[in-house]
Amino acid sequence: MGQGGAQGEVRDAMRVLVTGRGGESGSWKIRGEQLGRAIGATVEANANGVRWYDLAVVVKRPRADLLERLRQRGVPVVWDVVDAWPQPEGNADDWDRERCMAWLRREVQHVRPAAIVAATAGMAADCAEFGVPVLALPHHARPGIERNPIRPRVRLVGYEGGAQYLDGWREAIEQECAARGWDFTAAPRRLADLDIVLALRGQRGYAPRHWKSNVKLANAQGSGTPCILSGEAGYAWTACGAEMWADTREELSFALDDLSSYDRRAHVGRTLLSADVRLESVARVYAQWLSALSF
């Protein structure tokens, strides 16, 4: 573990397991596979052999049998809470802070973490009551993401992710694009193919507004793609100053008009690229924090 103490890896001789349910979810790919490997950890979904590890990072919603194996072997658990609340129901308006915290307290009692990794600063603040070390760790940009060339004219506006999360926005977006002679896609082949990327969300519950990760912004920053964002805490926390914001149709219209200028988009793209959202940078912070834990 931590061969030679390489930059971005946990300290030498510290044996770290990163585990969880696995699968194809974005949270496991990012926080499990990509980050786990970047810090020099062993990455294994639903790990069976756990006795040799000094600590285990469990991502999202670990299975009860996995937690039991870790407890039996005396392996301290670091819980990465990323995207763990019930969805889609936990994104609804009636899931206010009180209800979200009630869910979180039950899960902490179940997981019994020795430390917690939060996806936003807001989530980290909400986890402070549990009396264990907490790290607010943002998402990194997709490794190998291509740089946006910033074309002279806007032709394509897009959204990456499940189109169901655009609930309440889709019609307005398509109308605003049509009025300008632009196309809209909810399934771009590459982020760099878009002239403007949208990170808007129809869900207004406490968790999506305060606990949802910055991943869409990280990818916009990593590729230099001009973006328009919902006013979520995860985005505000990691914004670099070039982002546009929209929580109403009027704000969306204003932002689209502003980004119609090539010079404006070129400036925004350069500024976004200055944000340090590389996997290596996030992994370095993560490894240093894990290395400093003592149980």
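Each chain has its residues counted from 1, following the order in which its sequence is written. Totals for whole chains, interfaces and linings use all residues, but because this is a predicted model, local features are given only for residues with pLDDT of at least 70 and pairs of side-chain atoms are given and counted only at 80 or more. Only hydrogens and water are set aside when side-chain values are computed; all heavy atoms of the structure are taken into account.

Further remarks concern the overall build of the protein chain. Secondary structure summary: the protein chain contains eleven helices and eleven strands in total. Between the two quantities, the radius of gyration covers C-alpha atoms and the globule rule is 2.2 Å times the number of residues to the power 0.38. For 295 residues, the compact-globule formula gives about 19 Å, and the C-alpha radius of gyration of the protein chain, at 20 Å, lands near that figure. With the C-alpha coordinates of the protein chain rotated into their principal frame, the extents come out at 60 × 45 × 30 Å. Contacts in the protein chain between residues far apart in sequence, at least 24 positions, make up 69% of those at least 6 positions apart. To measure how exposed things are, a 1.4 Å probe is used in the Shrake-Rupley method; for residues, cover is taken only from the protein chains shown. Surface accessibility of the protein chain: about 12,900 Å² in total, with carbon and sulfur atoms responsible for 47%. Positive: Lys, Arg. Negative: Asp, Glu. His and the chain ends are not part of the count. Here the site of a charge means NZ on Lys, CZ on Arg, CG on Asp, or CD on Glu. Between the averaged position of the 38 positive side-chain charges in the protein chain and that of its 37 negative side-chain charges there is a distance of 5 Å. A run of DSSP states H or I qualifies as a helix once it reaches four residues; a run of E qualifies as a strand once it reaches two. Both are numbered from the N-terminal end. Note on definitions: a residue-residue contact is assigned when non-hydrogen atoms from the two residues lie within 4.5 Å.

Turning our eyes to something else, we now look at the pairing of strand E7 (residues 156–159). Here, a strand pair is defined by DSSP locating no fewer than two bridges between the strands. The sheet contact formed by E7 and strand E8 (residues 183–185) spans three bridges and is parallel. Across the sheet, residue Gly-158 finds its bridge partner in E8, namely Thr-185. In this region the chain leaves E7, passes through helix H5 (residues 170–180) and returns to the parallel neighbour E8; the handedness of that crossover is right-handed. When E7 meets strand E9 (residues 196–199), the two strands line up parallel, connected through three bridges. Note on handedness: a clockwise path from strand one over the helix to strand two, with the strands aimed away from the viewer, defines a right-handed crossover.

This part covers the sheet that holds strand E11 (residues 244–245). With parallel pairing, the five strands of this open sheet are ordered in space as E8-E7-E9-E10-E11. In this open sheet, the two edge strands, each paired with only one partner strand, are E8 and E11. Sitting on the sheet, H5 is in contact with E7, E8 and E9, with an inclination near 150° to E8. Only C-alpha atoms enter the line fits that serve as axes; for helices the fit covers just the stretch in contact. Angles between N-to-C directions range over 0 to 180 degrees.

Take the state of the cysteines next. Disulfides are defined as pairs of cysteine sulfur atoms found within 2.5 Å of each other. Counting across every chain of the model gives zero disulfides. You can see Cys-100 has no disulfide; the closest cysteine sulfur is in Cys-127, sitting 12 Å from it. The buried label goes to any residue with under 20% of its type's maximum accessible area, the exposed label to any with over 50%, and the partly exposed label to all in between, with areas taken from a 1.4 Å probe on protein chains only. We classify Cys-100 as buried; its relative accessible area is 1%. Looking at Cys-240, it has no disulfide partner, and the nearest cysteine sulfur is the one in Cys-227, 7.6 Å off.

Here we come to the nonpolar core. Ranked by size, the top nonpolar core spans 32 residues in total, and within it Ile-173, Phe-184, Ile-196, Leu-198, Leu-200, Ile-228 and Leu-252 carry the most contacts. Listed by contribution, the elements that provide at least two residues to this core are E7, H5, E9, helix H7 (215–223), strand E10 (227–229), helix H9 (249–258) and helix H10 (262–273). A total of four residues in this core trace back to one element, the largest contributor, which is E9. Apart from the residues within four sequence positions on either side, Ile-173 is in contact with Leu-166, Phe-184, Leu-198, Leu-200 and Leu-252. Val-77, Ile-116, Met-123 and Ala-207 belong to the second-largest nonpolar core, a separate cluster that totals 31 residues. Take the buried residues of types Ala, Val, Leu, Ile, Met, Phe, Trp, Tyr and Cys, join any two whose side-chain atoms come within 4.5 Å, and each joined set is a nonpolar core.

This paragraph deals with the side chain of Ser-223. If you trace the backbone, Ser-223 turns up in helix H7. A distance of 2.8 Å separates a polar atom in the side chain of Ser-223 from the backbone oxygen of Asn-219. If sequence neighbours within four positions are ignored, Ser-223 has contacts with Ile-145, Glu-146, Arg-147, Asn-148, Leu-191 and Leu-273. Whenever a nitrogen or oxygen atom comes within 3.5 Å of another N or O atom, the pair is scored as a polar contact, on the condition that within protein one atom can donate a hydrogen and the other can accept it, and that pairs from neighbouring residues in sequence are kept only if both atoms are in side chains.

Our next topic: H9. Three or more residues of H9 are buried, namely Leu-252, Ser-253, Ala-255 and Leu-256. In a view along the axis of H9, the buried residues occupy a sector of 165°, so they form one face of it. Along H9, the residues that are exposed and aim more than 90 degrees away from the buried face are Glu-250 and Phe-254. Check the buried side of H9 and you find it contacts H5, E9, E10 and E11. It is the directions from the helix axis to the C-beta atoms that the arc portrays.

Let us look at the packing of aromatic side chains. Any aromatic ring pair is given by two values, namely how distant the centres are and how the planes are angled relative to each other. Pairing of aromatic side chains here covers Phe, Tyr and the six-membered ring of Trp, requires ring centres within 6.5 Å, and sorts the geometry by plane angle: under 30 degrees stacked, over 60 edge-to-face, intermediate tilted. Tallying each qualifying case throughout the model produces three aromatic pairs. Consider the rings of Trp-103 and Trp-211, whose centres lie 6.3 Å apart with planes at 45°: the pair is tilted. With Trp-103 in helix H3 (residues 97–111) and Trp-211 in the loop between helix H6 (206–210) and H7, the pair connects residues that are 108 residues apart, well separated along the chain. Assigned by exposure class, Trp-103 and Trp-211 land together as buried. With a centroid separation of 5.9 Å and an interplanar angle of 85°, the aromatic rings of Tyr-206 and Trp-211 are classed as edge-to-face. Summarising the burial analysis for this pair, Tyr-206 and Trp-211 share the class buried. Taken together, the ring pairs in this structure connect Trp-85, Trp-103, Tyr-206 and Trp-211 into an aromatic cluster. Distance and angle both matter: a charge sits over a ring if NZ of Lys or CZ of Arg is within 6 Å of the ring centre and within 35 degrees of the ring normal. Taking the ring centre of Tyr-165 as reference, the NZ or CZ of Lys-212 above it sits at 5.8 Å.

This part takes up unusual backbone geometry. Of note, the bond from Gln-87 into Pro-88 is cis; its omega dihedral lies within 30 degrees of zero at 15°. Relative to the assigned elements, Pro-88 resides in the loop between strand E4 (77–80) and H3. We note that Lys-60 has phi near 70°; this positive angle belongs to a residue other than glycine. Position of Lys-60 relative to the elements: it lies in the loop between strand E3 (55–59) and helix H2 (64–72). Of note, the phi angle at Arg-112 is positive, near 55°, even though the residue is not glycine. What makes Arg-112 exposed here is its relative accessible area of 55%.

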